[in-house]
Amino acid sequence: MSSIRTSFYEGNSSFLFRVDPRVKLVYILWIFVMIMIFTDPVYQSFTMFTLLIATFAGGLSLFKVASAGKLGIYVGLTSWVLWTIFLRAEGSPLFHIMGWAVTDFGVLKGLSVALRITSVLFAFLIVAMTTPTRDIITGLYGLRVSIVFSMVIGIILRLIPQFQSEHTTIMEAQRSRATEFDKGSLMNRFRKHTSYIIPLTLRALKIVSDLSIAMESRAYDPYTPRTFVRELKMRRADQIILIGMIVLLVSSIILRIYGFGELKIGLLGSGQ
Amino acid sequence: MQAFLTSLLGFFGTLASSITFGGMFILGIILSIPMTIIFIGEIFNYQFVLRAPFFVKVERRWNVKAVAVVAMTAALSVILQVVGAVIVIVPGTITFRADALIRFPFGAIFGMPAVWGVMISNIIGDALAGSLGPGSIAGFVISWWMAYLFYRFYKSSEEYSMLNGNSWGKYYLTTILWCFLGAFYLCTNFQLLNLLPTEVVWTAVFPAVIVTTFIGGLLGPVVARVIGPAAKRYGLSRDEMQYEKE
């Protein structure tokens, strides 16, 4: 079983590290809205440029960010190729591959979708790499997200490695009893998988039952206001970033209303 | 079996083409609107019922056990998502979704906390796997529906522990219902967001979602048969948890 990475935090002391976690969480939402407003990659590239600035402001290596999001890049590229293939009859042909036209519209439409797919992911990765999990939870609470939800995120990230090690133990126990998970007919293999899913779930029930007793004994009540080790305080830089995001968002909406930023056939020149 | 599954994929793809992609999209919109309204209603504790005024307020209160069950469901689901991806049934199209083995029955056994857990697991799973994107929004709504249908259709502990033949039958019918609802919702949203070309959405993604999830959930009743009574013993089942007042 490949291991699941539960934290992306890089732990440096860059500018982005010091930014209020609430601002960073709002930034992910901002990226999502901004990338959805425009369909023209030229306009979308501005949003992507802010990701580049955030990467440098976070003191992160571009390679590390890209390798953490390689699955997203793969999905984005696949979508780009598919759009290029399916829109081969629209727009002006740029060149031909084995008799198939690659048109400007297909390339730009595919690029636009690929940017949409990858931008939110990279925004999340940059924020996750520059914010400890504890601060993300504090930030969520600060944004008035239900304490149950914020608390649950923290518990899940703690439970994943614990369940993972339980899973490994159960798998080894099953293997020592000569269970071969990758042999046999398809139905047989499915059945073999229940031989670890059921014990794993039973162990999970026991762990969670103990956890709830421990929480109850410390008088945990989801409805009481929480206190946090790190109190959130907006600095001047945080306020400037927030105002900047609002101004850019409003301007983008106005631009879009006036017809800018829409992908049209023939954008690269002689369209149909 | 592989040949049978490939032909099943082909069948659903042909079905979508014969209805036409526009027709499938309209059907998807017709299904997606009430699905989204019911989902939003539940966020505010309003539950859909089949009598006027169609939404009733449900009294719910989070407690320690409910919080722990949300976390357990989500963590288990994330882990099984990774484990299941190892078995490739039809290369490039269908992998065994082991998470479906718990997502379906957990809604029946643990009720609403598990429904929220399944939804959160989808967001966290996407974020940790590095595949978070605009499509994740539709993904978490359909994941929520995965457990929600079972939460609504199963009531007593005999039912969710799969102690009789009827509950087994109901399990497979509910799974098939979700496979269609989920596939329609996901594909309609993919088309709305222009994430993939229409042809790919309805002839590749639509059949893959139906077949993959059904195969993944096939042995769910076996899991429920063991986990249902165990959850009751630990005081974590939906009727022991006291999260909801009828």
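Small disclaimer: the values here were computed from a predicted structure and weren't measured.

Visitor: Talk me through the overall build of chain A; I want residue IDs and the actual numbers.
Guide: Along chain A, the regular secondary structure elements total ten helices and two strands. Tracing chain A from N to C terminus, the helices and strands come up as α-α-α-α-α-β-β-α-α-α-α-α. A compact globule built from 272 residues would reach a C-alpha radius of gyration of about 19 Å, whereas chain A, at 24 Å, exceeds it by more than 25%. In terms of overall dimensions, chain A has C-alpha extents of about 70 × 60 × 30 Å along its principal axes. Look at the contacts in chain A between residues 6 or more apart in sequence, and 76% of them connect residues 24 or more apart.

Visitor: Outline the nonpolar core, listing residues and values.
Guide: A:Ile156, B:Ala71 and B:Ala75 are the most contacted members of the largest nonpolar core, which totals 144 residues. Top contributing element to this core by residue count: helix α6 (residues 104-130) of chain A, with 17 residues. Both domains that meet at this core, namely domain 1 (15-131 + 234-257) and domain 2 (145-217) of chain A, each give it at least three residues. When sequence neighbours within four positions are dropped, the list of residues in contact with B:Ala71 reads A:Val152, A:Ile155, A:Ile156, A:Leu159 and B:Gly117.

Visitor: Tell me about the pairing of strand β2 (residues 100-103) of chain A, and name the residues and values.
Guide: Residue and element names in this part refer to chain A. Where strand β1 (residues 93-97) and β2 come together, four bridges link them in antiparallel fashion. Bridged to His-96 within β2 is Ala-101. Here β1 hands over to β2 after two residues, with Met-98 in that stretch at a positive phi of 45°.

Visitor: Break down the interface of chain B and chain A for me, with residues and values.
Guide: On the side of chain A, 52 residues touch chain B, which itself brings 50 residues to the contact. When residues of the side of chain B that touches chain A are traced back to their parent elements, those giving at least two are α3 (64-84), α4 (100-110), α5 (112-129), α9 (198-217) and α10 (220-233) of chain B. Considering every element that reaches the side of chain B that touches chain A, the biggest residue donor is α3(B), with 16 residues. Looking at the side of chain B that touches chain A, its residues break down into 44 nonpolar, four polar and two charged.

What counts, and where the lines are drawn
- Residues numbered from 1 in each chain as written.
- Chains lettered and ligands numbered in written order.
- Predicted model: local features only at pLDDT ≥ 70, side-chain atom pairs only at ≥ 80, totals over all residues.
- Helix = DSSP H or I, 4+ residues; strand = E, 2+ residues; numbered from the N terminus.
- Rg over C-alpha atoms; globule rule 2.2 N^0.38 Å.
- Contact = placed C-beta atoms within 7 Å.
- Core = buried A, V, L, I, M, F, W, Y, C linked by C-beta atoms within 7 Å.
- Buried ≥ 20, exposed ≤ 12 C-beta atoms within 10 Å, placed from the backbone.
- Domains from an automatic or database assignment.
- Pairing = 2+ DSSP bridges.
- Nonpolar A, V, L, I, M, F, W, Y, C, P; charged D, E, K, R; others polar.

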